[in-house]
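Analysis of the macromolecular model
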Amino acid sequence: FTSSTSTRAAVCSTTTNPIDAELIFEWFRQTALRGDLDDARHLVEHLTDPPRIEALLDRLSPGAILPAGAASNAAELAYLVGNVMAAVDRDDQAMDVYRYALTLQPGHGWSSNNLGYMLLERGGDLAEVERLLLDAWKSLPHDANVTDSLAWLRYKQGILNDVVDETGRVIT
């Protein structure tokens, strides 16, 4: 986004200055509200150290638990950008950012779920949707939102009965 140059420069300069949680939040907010995939990549690539990410997560969701590992942190940050984009009806940009999150951490549960559901709602390729939603279900098997997404796919596929294993547990 064209007005981001000063925000980007200010936030990047915080590498040597005390962390300014409000400035980091504003960078995130502007990226999600006005940016595109390139802006999201820039945010994720430059906001890499845990204290800066923790400052942002604390602002977005106080008490949030940071996922382990640099790839997980980056994927989680990209996922959060995609969520805000989707919340403000920037679905094309959100889908691009969810795909980016999945390049950072293949199988990221929430990115897989949200992208799969968005594609399903838009009449996307059912094979891709199924792959994404099964990845989400493998990562988040007890989450009702993921189960609902997978059930909606099955309904659209005309599959109205679950496939179960010998113990009666639903397997797909």
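Residues numbered from 1 in each chain as written. Predicted model: local features only at pLDDT ≥ 70, side-chain atom pairs only at ≥ 80, totals over all residues. Heavy atoms only, no water.

1. Re helix α3 (residues 37-46)
- Listed as buried for α3 are L37, D39, A40, H42, L43 and V44.
- Capping the start of α3, D36 holds a side-chain oxygen 3.1 Å from the backbone nitrogen of D38, two or three residues further along. (Buried < 20%, exposed > 50% of the residue type's maximum accessible area, 1.4 Å probe, protein only. Helix = DSSP H or I, 4+ residues; strand = E, 2+ residues; numbered from the N terminus. Polar contact = N/O pair within 3.5 Å; in protein donor to acceptor, adjacent residues only side chain to side chain.)

2. Regarding the environment of E121
- With respect to the helices, strands and loops of the structure, E121 is situated in helix α7 (residues 109-121).
- The exposure class assigned to E121 is partly exposed, which follows from its relative accessible area of 42%.
- Taking the C-alpha atoms as reference points, E121 and L153, 32 residues apart in sequence, are found 9.4 Å from one another.
- Beyond its immediate stretch of four places on either side in the chain, E121 contacts W152 and K156. (Contact = heavy atoms within 4.5 Å.)

3. As for the packing of helix α2 (residues 21-34) against helix α4 (residues 50-60)
- Running from N to C, α2 and α4 point in directions that differ by 75°, and their axes come no closer than 9 Å. What the angle tells us is that α2 and α4 run roughly perpendicular. The segment α2 lies against α4, with A21, E22, I24, F25, W27 and F28 engaging R52, A55, L56, R59 and L60.
- Its residues assigned to classes, the contact of α2 with α4 shows eight nonpolar, no polar and three charged. (Axes fitted to C-alpha atoms, helices over the stretch in contact; angles between N-to-C directions. Parallel < 35°, antiparallel > 145°, perpendicular 65-115°, else oblique. Nonpolar A, V, L, I, M, F, W, Y, C, P; charged D, E, K, R; others polar.)

4. A look at the confidence of the model for the protein
- The predicted model of the protein has a mean per-residue pLDDT of 85, with 83% of residues at 70 or higher.
- The secondary structure element of the protein with the lowest average pLDDT is helix α1 (residues 4-12), at 52, and the one with the highest is helix α6 (residues 91-104), at 98. (pLDDT = per-residue confidence, 0-100.)

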